[in-house]
Structures are given as C-alpha cells and as structure tokens.
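# Residue-level structural notes
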Amino acid sequence: MRICGIKLTHDGAIALVEDGRLVFCIEQEKQDNNPRYQTIDNLDAVVAALAQHGLKPRDVDQFVIDGWDGEDESQFQVLSGVAPLTLKGAPYVERYADGLLECFDGSGLILDDWAFPYKSYPHVTGHVASAYCTSPFAKAGRPAFCLVWDGCIFPRLYYVDGQSARFLECLFPVIGQAYAAAGHYFGPYKKASRGGWDLGVAGKLMAYIALGSVDEDIVAVFQELYEERFAADTELASRYRANINDAETSLLAVHDFFDASVLRLEARSPEDVLASFHLFLERLLVHEMTMALQRHSFPGPRNLCVAGGCGLNIKWNSALRETGLFDDVWVPPFPNDSGSAIGAACSEMVAQQGFVPLEWSVYSGPALQSGHVPVGWDATPCSMQELANILASNKPVVFLSGCAELGPRALGGRSILAAATSAEMKDFLNEVKFREHFRPVAPICLEDRAPDIFSPGTPDPYMLFDHQTRMEWQDKVPAVVHLDGSARLQTIARSSQHQVAELLVEYEKLTGIPLLCNTSANYHGRGFFPDAAAACEWGRVEHIWCDGTLLTTQAIQQKPVASVFTGR
C-alpha cells in the first residue's frame with residue numbers, strides 16, 4: 001500500500017509511505033536552493049518527487065492532501081503543468097472531539113495528465129499522527145497525550161490510545177503566533193506596521209532572550225493583559241475566544257494585546273521584555289498542562305508527544321520534561337509544518353490500521369544531486385581521519401552526506417562543522433552565514449560523552465531540548481556555549497552508521513573532544529544545499545566534504561579563525 005502525503009502551503013512537501021515505512025519526504029525548500037518555507041504551487045513537483053524514486057502517480061494507491069485554513073473546508077489554487085486547478089480539502093481543525101479522522105473525499109487531482117481521487121484530513125490530524133506514529137510510544141504500543149500548538153490555534157491537548165485519538169481541551173487562549181508577534185513589537189525585529197509575518201522570528205527570539213533578564217514586574221503586566229484580553233470573562237476576551245476560527249480576527253487581537261503592552265513597557269529594555277514574555281508563556285503552559293492532567297486521568301504510563309510549530313521551542317519542551325508530569329516526552333524532528341506531508345500520509349495509515357508505528361529515518365530527505373563543480377576547486381579523496389585533522393586545525397568544513405535530514409535542523413547530513421575550541425569560531429560562523437552576533441551555534445556530540453559535558457546531557461538526536469554546559473567544559477568548547485550557558489545539543493550514537501558519527505569518533509581520538517560545532521549548510525534564507533556545486537558557489541569556507549571527496553579552494557577571502565587547540 002503506497003500512500004502519498006502532500007503539503008501544498010508553506011513548508012510544502014511530498015512524502016511517500018509504503019506498507020508502514022517512510023520511503024522519502026521531499027521538502028520543497030531543500031530542492032534547488034529554494035527559499036525557506038517554500039509552497040507547492042505546481043503539482044508537477046509531486047510527479048517529479050515520485051520520479052526521483054522510480055515511481056509514477058499511477059503507482060500510488062492513495063493521495064492525501066493536508067488540510068488548511070477554513071472552518072468547514074479548505075481550498076487551494078495550484079497549477080498542474082500550465083493548467084490552473086482548484087482543489088478542496090479538510091479544515092485546519094477537526095469539527096468535533098471524535099472527528100480527528102474524519103476526512104474530505106476529493107477528486108480531480110491532476111498529475112501527469114491523469115486525474116486521481118484524494119483524501120484530506122484536518123491539518124492538526126497530521127500533527128497528531130506524525131508525532132505519535134514516529135514516537136517510541138507507538139513502537140511499544142503505549143498510549144500518549146499529544147500537545148499540538150500551531151501558529152493560529154490555541155494549544156490543543158489530545159489523547160492517543162493506539163486505536164483512536166480524542167481531543168480533550170484547549171489549554172489556554174493564546175495562539176502560537178503570539179510568540180513571534182512579540183518580536184514585531186520589541187527588540188531587533190521590531191516592525192513599523194502590523195503587516196506581514198516572518199516565520200523565522202520565533203527561533204531567533206529564543207536566542208535573543210539570553211541577552212535579557214526576567215523581570216517579575218514585566219511578567220505581571222503580561223499576566224494582567226492576558227486576563228483582560230484573552231482569558232477572563234470580560235467582553236473583550238469573550239469576543240476574542242468566540243472568533244478563534246477567524247485567523248484575521250485572532251491576529252488582530254494579538255496585535256491589540258501588544259499595542260497595549262508597548263504602552264505599559266516602552267521604558268523597559270526590549271531584551272528584558274522578551275525574556276519575561278517567554279517565561280510568562282512557559283509558566284502558563286506548564287501550569288495549564290498540570291491542571292489539564294488533573295482533569296484527565298488515564299491508566300498506565302503518562303507520555304507526551306509535542307507537535308505544531310511551537311514544538312521547535314526547545315526551552316518549552318525542556319520545561320515540560322522537567323516538570324516530572326510525564327514518564328517520557330517525545331518531539332519529532334519535524335514538529336512544525338515541515339512534517340505535515342508525513343502527517344497527511346500517516347493520517348490515512350491510521351484511518352486504515354489505527355495508530356501503528358511508522359518505520360522511518362530522519363535522513364529520508366532529498367539525495368545529493370550531481371552538479372558541475374566550479375573552476376577553482378580541487379577534488380581529492382578524503383578519509384574521516386584526514387578530515388578530522390582539518391577540523392582540528394580550526395578550519396570549518398561543509399559536510400554533505402547521503403540523503404538530507406527531515407525538518408529544519410541540520411543533523412550532519414547538510415551541515416557546516418567546525419572545532420568548538422575557539423570562542424571566535426561562533427562569530428566566524430555567524431558572519432559567513434549573515435546571522436546576528438547573539439545567535440548560538442549548536443554542538444553535535446557523541447551520545448555516550450554528552451552527560452560529561454552537558455546537563456542533563458540525555459540522548460537528544462534532533463536538537464529539540466535545552467541543555468546547560470557544565471562549568472568545567474565552558475572554556476573548553478566556548479563556540480557552542482550560548483550567552484546563558486545553554487546549548488541546543490544534538491547527540492549521535494558512536495555506533496551510528498551515519499558518516500558524521502565516524503567523523504566525531506576520529507576527531508575525539510585526535511583531540512579528546514567528542515563534539516563539533518554544527519550549523520546548517522545553506523544560502524541565507526534558503527533550504528539546505530542540494531549538492532556540492534551549490535556549496536562551492538556559496539564559497540564562504542575553503543573545504544567542502546561530499547561523500548568521501550574533499551573539495552578545496554584557495555580563493556576564500558574570509559579572515560582566519562585563531563586556534564586555541566593545544567592537543568590531547
């Protein structure tokens with residue numbers, strides 16, 4: 001049984017699930033250096049993705065389109081070749097508590113001049129299905145709560161018991177977009193007008209708040225405005241909650257909330273305001289989750305899956321894990337809409353078989369493309385030991401290996417790697433990537449050594465939890481230590497078959513240090529490099545390693561990074 005999931009709107013992607021196994025997921029931003037959050041405007045992209053794996057549309061048993069904005073149904077305007085096409089789909093949210101798997105049956109999906117029927121499930125259904133089916137709880141046949149908090153919805157709590165899933169409640173009346181909206185009113189991303197939303201601001205704010213300190217007086221202002229405008233029985237709050245299905249109205253209310261907060265907080269430093277707003281939402285999330293669990297008691301272990309765009313907030317994920325409310329917390333590497341094509345396919349799998357586990361690998365993205373290497377680059381074979389020596393000399397390397405990773409984090413498939421022993425390396429990497437000075441660079445670390453260096457240092461293969469760097473290591477690996485001492489850690493098992501694990505082992509042998517800096521290999525504002533040629537054309541570091549071949553140029557004009565490595 002082949003199921004093809006399609007996400008047409010932002011973070012557009014095509015995923016194929018065959019007999020319970022994820023064959024591939026092609027996110028459009030990872031094709032041809034496309035912009036971040038790329039949509040699918042032409043259904044030829046579906047045909048092309050299937051063709052990359054030797055398949056035609058007629059080889060697919062069921063197509064599934066991810067639902068989108070709309071209270072009763074969604075609508076998409078796309079092309080099929082040069083022909084315009086209107087497709088209908090399921091709404092954003094299920095229409096009643098037990099309606100998560102209620103689907104919209106559509107027809108007229110034109111692929112390669114053939115018309116196919118399709119199904120469509122609500123957008124949140126895909127989040128629940130992808131989060132649970134990829135989790136260790138599904139593999140073990142254990143139930144789990146599932147928290148879905150997306151841009152234009154309140155945080156929604158579900159319970160999945162294997163054969164069914166049920167909506168329990170909205171935890172509190174704040175849409176996920178409120179976090180990014182705060183950055184449009186305070187700090188370096190402040191905007192002069194209300195128009196437009198930058199989908200990348202939320203992640204940048206997580207870094208920026210380390211510049212500030214929490215002020216309880218500021219937290220109290222946000223609490224007061226929250227009650228008055230969102231949560232209490234005031235006319236203003238009641239009207240806001242009644243119109244939550246109208247995205248325009250709910251966003252307008254968020255703007256009004258921050259307009260009011262600016263009047264109260266304009267004399268405060270923006271970094272303190274944003275740090276305080278972050279903690280206000282974190283406390284609200286933890287408190288309301290605690291209250292919800294008291295209202296909804298189920299037998300057996302208490303597990304949690306986290307999905308939706310807010311699942312990328314590593315500090316909130318860690319706060320939920322640290323409460324002790326749950327035996328285990330799972331966040332997939334694609335909690336945001338980058339996993340929605342997988343979620344669409346999983347929704348149909350679940351409708352047929354129940355909430356069974358999906359067999360999957362995070363390295364199921366596009367394969368490396370072949371491309372002409374520009375003049376001025378020399379190509380030579382390069383072993384992992386030789387590459388480790390280059391890194392130990394404080395030279396960053398673009399590291400391209402196998403298929404791209406899924407989701408927004410570079411996990412060793414499309415990474416820029418570098419030694420973490422020099423504080424200047426973080427500044428250098430931010431400079432070549434055109435990133436703000438306060439942005440952190442993540443560590444990729446051998447899993448068994450992580451507890452020695454980080455707290456808690458528990459396995460975190462997808463960079464989705466917050467870890468503190470132990471004091472005795474902060475001066476040893478300063479490039480991966482954020483301003484608040486934290487690190488967005490990625491761990492990888494020493495026994496992993498991925499080539500980045502072999503490199504870390506060789507680097508550890510050479511230096512005694514089991515970690516490297518890891519940041520994504522991409523043009524600014526674009527998806528991962530699709531091939532070595534793109535990395536060469538980017539041309540901001542002198543070494544590119546691509547599946548066993550080292551490409552080197554002498555034409556780089558960047559200033560060198562001072563080395564502080566003194567040997568083992």
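Scroll up to find the structure this text is about.
Helices and strands together make up the secondary structure of the protein chain, namely 17 helices and 24 strands. Its C-alpha atoms give the protein chain a radius of gyration of 23 Å, within 12% of the compact-globule value 24 Å for 568 residues. Overall, the protein chain is about 65 × 60 × 50 Å in size when its C-alpha atoms are taken along their principal axes. For the protein chain, the residues scored as buried account for 59% of the 568 residues in total. Carbon and sulfur atoms provide 49% of the accessible area of the protein chain, an area that totals close to 21800 Å². For the protein chain, the centre of its 45 positive side-chain charges and the centre of its 70 negative side-chain charges are spaced 3 Å apart.

The subject of this paragraph is the packing of helix α2 (residues 123-133) against helix α11 (residues 340-353). Viewed as axis vectors pointing N to C, α2 and α11 meet at an angle of 85°, and their least axial separation amounts to 7 Å. When the axis of α2 is compared with that of α11, the two are roughly perpendicular. For the pair α2 and α11, the contacting residues are H123, T125, G126, H127, A129, S130 and C133 in the first and S340, I342, G343, A344, C346, S347, M349 and V350 in the second. Partitioned by chemical class, the residues of the contact of α2 with α11 number seven nonpolar, eight polar and no charged.

A separate point is the packing of aromatic side chains. Enumeration over the complete set of coordinates arrives at 31 aromatic pairs. Taking 5.2 Å as the distance between ring centres and 15° as the angle between the ring planes, the aromatic pair formed by W149 and W316 counts as stacked. With W149 in the loop between β9 (144-148) and β10 (156-160) and W316 in helix α10 (residues 314-322), this pair connects stretches of sequence that are 167 residues apart. Accessibility classification places W149 together with W316 in one group, the buried group. Relative to F258, the ring of Y185 has its centre 5.6 Å away and its plane inclined at 20°; by these criteria the two rings are stacked. Here F258 lies in helix α8 (residues 247-265) and Y185 lies in the loop between α4 (177-183) and α5 (201-208), a separation of 73 residues in the sequence.

Now for the environment of D113. With respect to the element layout, D113 can be found in the loop between β7 (104-111) and β8 (114-121). Taking C-alpha positions, D113 is 22 Å from T9, a pair spaced 104 residues apart along the chain.

Per the stated rule, a full pass over the model turns up 26 salt bridges. Linking K88 and E73 is a salt bridge whose minimum nitrogen-to-oxygen distance equals 3.5 Å. Taken together, the residues K88 in strand β6 (residues 83-89) and E73 in the loop between β4 (62-66) and β5 (74-80) connect sequence positions 15 residues apart. Take K88: its relative accessible area is 36%, and that puts it in the partly exposed class. Residue classification places E73 among the partly exposed residues on the basis of a relative accessible area of 34%. Residue E542 pairs with K395 through a salt bridge whose shortest N-O separation is 3.3 Å. Of this pair, E542 sits in the loop between α17 (532-538) and β23 (543-546) while K395 sits in the loop between α12 (384-392) and β15 (397-400), placing them 147 residues apart in sequence. Residue K395 is classed as partly exposed on the basis of its relative accessible area, which comes to 30%.

Counting 138 residues, the largest nonpolar core has F63, L87, L109, F258 and M289 as its most contacted members. Ranked by the residues each element gives to this core, the list is headed by helix α9 (residues 270-295), at eleven residues. What F63 contacts, discounting residues up to four positions off in sequence, is C4, I6, V46, L50, P57, L109, L111, F116, P117, Y118 and K119. Within the second largest apolar cluster, 58 residues are counted, among which are A420, L429, C445 and L515.

On to the side chain of D11. Of note, D11 is situated in the loop between β1 (2-7) and β2 (13-18). Despite its burial, D11 remains without a salt bridge, the nearest opposite charge being carried by R36 at 5.5 Å. Discounting chain neighbours no more than four positions away, the residues touching D11 are E29, Y37, Q38, N336, D337 and S338.

As a further point, take the side chain of N430. Looking at the element boundaries, N430 is found in helix α13 (residues 423-432). For N430, a relative accessible area of 2% gives the class buried. Side-chain polar atoms of N430 contact the backbone oxygen of R439, separated by 2.9 Å.

Below, the discussion takes up the sheet that holds β2. One open sheet accounts for six strands, arranged β3-β2-β1-β4-β8-β7; its pairing is mixed. Looking at the sheet topology across the chains shown, the edges are occupied by β3 (21-27) and β7. Neighbour-to-neighbour, the strand axes of this sheet turn through a mean angle of 25°, independent of strand direction. Of the pairings in the sheet, the one linking β1 to β2 comprises six bridges and is antiparallel in character. Within β2, the position partnered with I3 by the bridge is V17.

Conventions used here
- Residues numbered from 1 in each chain as written.
- Predicted model: local features only at pLDDT ≥ 70, side-chain atom pairs only at ≥ 80, totals over all residues.
- Heavy atoms only, no water.
- Helix = DSSP H or I, 4+ residues; strand = E, 2+ residues; numbered from the N terminus.
- Rg over C-alpha atoms; globule rule 2.2 N^0.38 Å.
- Buried < 20%, exposed > 50% of the residue type's maximum accessible area, 1.4 Å probe, protein only.
- Areas by Shrake-Rupley, 256 points an atom, 1.4 Å probe, with all protein chains shown as cover.
- Lys, Arg positive; Asp, Glu negative; His and termini not counted.
- Charge placed at Lys NZ, Arg CZ, Asp CG, Glu CD.
- Axes fitted to C-alpha atoms, helices over the stretch in contact; angles between N-to-C directions.
- Parallel < 35°, antiparallel > 145°, perpendicular 65-115°, else oblique.
- Contact = heavy atoms within 4.5 Å.
- Nonpolar A, V, L, I, M, F, W, Y, C, P; charged D, E, K, R; others polar.
- Phe/Tyr/Trp six-rings, centres within 6.5 Å; stacked < 30°, edge-to-face > 60°.
- Salt bridge = Lys/Arg side-chain N within 4 Å of Asp/Glu carboxyl O.
- Core = buried A, V, L, I, M, F, W, Y, C linked by side-chain atoms within 4.5 Å.
- Polar contact = N/O pair within 3.5 Å; in protein donor to acceptor, adjacent residues only side chain to side chain.
- Pairing = 2+ DSSP bridges.

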